[in-house]
Amino acid sequence: MRYMSVDVECAATGRGHNDRAPCRIGLVNEREEVLFDTIVRVPNCFSPLTQITGLTREMIAQGIEIERALYELRKFLGPDVILVGQKIDKDIN
């Protein structure tokens, strides 16, 4: 078995608590090696939440589409991978 941790940062897409979309996705292995780290473009980005995400509006605008990011991320995952992390259910949904 391999252990990995995924982390997803979100930017605000509106004023509501749940008005958000992924703007950065990262994946590390059990040796803390970064396997995947990408910025995701957020259409209609209301706020990049820079203090939390570390990203600016410009950085997010130059990101890749979420579909491509998920396609690339899935290349690292498989039936032998156990995902661990804080609030993992939120990050994978």
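Notes on the structure in this doc start here.

Time to look at the sheet that holds strand β3 (residues 34-39). In spatial order, the strands read β3-β2-β1-β4; together these 4 strands make up an open sheet with mixed pairing. Among the strands making up the open sheet, the edge pair consists of β3 and β4 (81-84). Each adjacent strand pair in this sheet contributes to an overall mean axis angle of 30 degrees, direction not counted. In terms of strand pairing, strand β1 (residues 2-12) meets β4 through 4 bridges, oriented parallel. Considered in β4, the bridge of Arg-2 is made with Val-81. Each of β2 (20-29) and β3 is contacted by helix α3 (residues 66-74), which is oriented at about 15 degrees to β2, the strand it contacts most.

Let us look at the packing of aromatic side chains. One pass over the full model with this rule turns up 1 aromatic pair. For the ring pair Phe-36 and Phe-76, a centre distance of 6.1 Å and an interplane angle of 55 degrees mean the geometry is tilted. In this pair, Phe-36 sits in strand β3 while Phe-76 sits in the loop between α3 and β4, placing the two residues 40 residues apart along the sequence. Residue Phe-76 is classed as partly exposed on the basis of its relative accessible area, which comes to 27%.

A few words on the nonpolar core. Core analysis: the biggest nonpolar cluster contains 11 residues, these being Met-4, Val-6, Val-8, Ile-25, Leu-27, Phe-36, Val-40, Ile-64, Ala-69, Leu-73 and Val-81. Put simply, the parts of the chain that give this core at least two residues each are β1, β2 and α3. The element contributing the most residues to this core is β1, with 3 residues. Ignoring anything within four residues of it in the chain, the contact list for Val-40 reads Pro-22, Cys-23, Arg-24, Ile-25, Ile-60, Gly-63, Ile-64, Glu-65, Ile-66 and Ala-69. Counting 7 residues, the second largest nonpolar core, distinct from the first, contains Ala-21, Cys-45, Leu-55 and Ile-60.

Glycine aside, the phi torsion of most residues is negative, and most peptide linkages are trans. Phi angles above zero are rare outside glycine, and Asn-44 is one such case at about 60 degrees. Structurally, the position occupied by Asn-44 is in the loop between β3 and α1 (50-53). Despite not being glycine, Leu-49 shows a phi value in the positive range, around 50 degrees. The residue Leu-49 is located in the loop between β3 and α1 in this model.

This part is about the side chain of Thr-53. Its place among the elements puts Thr-53 in helix α1. From its side chain, Thr-53 meets the backbone oxygen of Pro-48 in a polar contact 2.8 Å long. Engagement of the side chain of Thr-53 in a polar contact is seen with the backbone nitrogen of Leu-55, the distance being 3.1 Å. Setting aside chain neighbours within four positions, we find Thr-53 in contact with Glu-9, Cys-10, Cys-23, Arg-24 and Pro-48.

Each value, and the rule that gives it
- Residues numbered from 1 in each chain as written.
- Predicted model: local features only at pLDDT ≥ 70, side-chain atom pairs only at ≥ 80, totals over all residues.
- Heavy atoms only, no water.
- Pairing = 2+ DSSP bridges.
- Helix = DSSP H or I, 4+ residues; strand = E, 2+ residues; numbered from the N terminus.
- Axes fitted to C-alpha atoms, helices over the stretch in contact; angles between N-to-C directions.
- Contact = heavy atoms within 4.5 Å.
- Phe/Tyr/Trp six-rings, centres within 6.5 Å; stacked < 30°, edge-to-face > 60°.
- Buried < 20%, exposed > 50% of the residue type's maximum accessible area, 1.4 Å probe, protein only.
- Core = buried A, V, L, I, M, F, W, Y, C linked by side-chain atoms within 4.5 Å.
- Polar contact = N/O pair within 3.5 Å; in protein donor to acceptor, adjacent residues only side chain to side chain.

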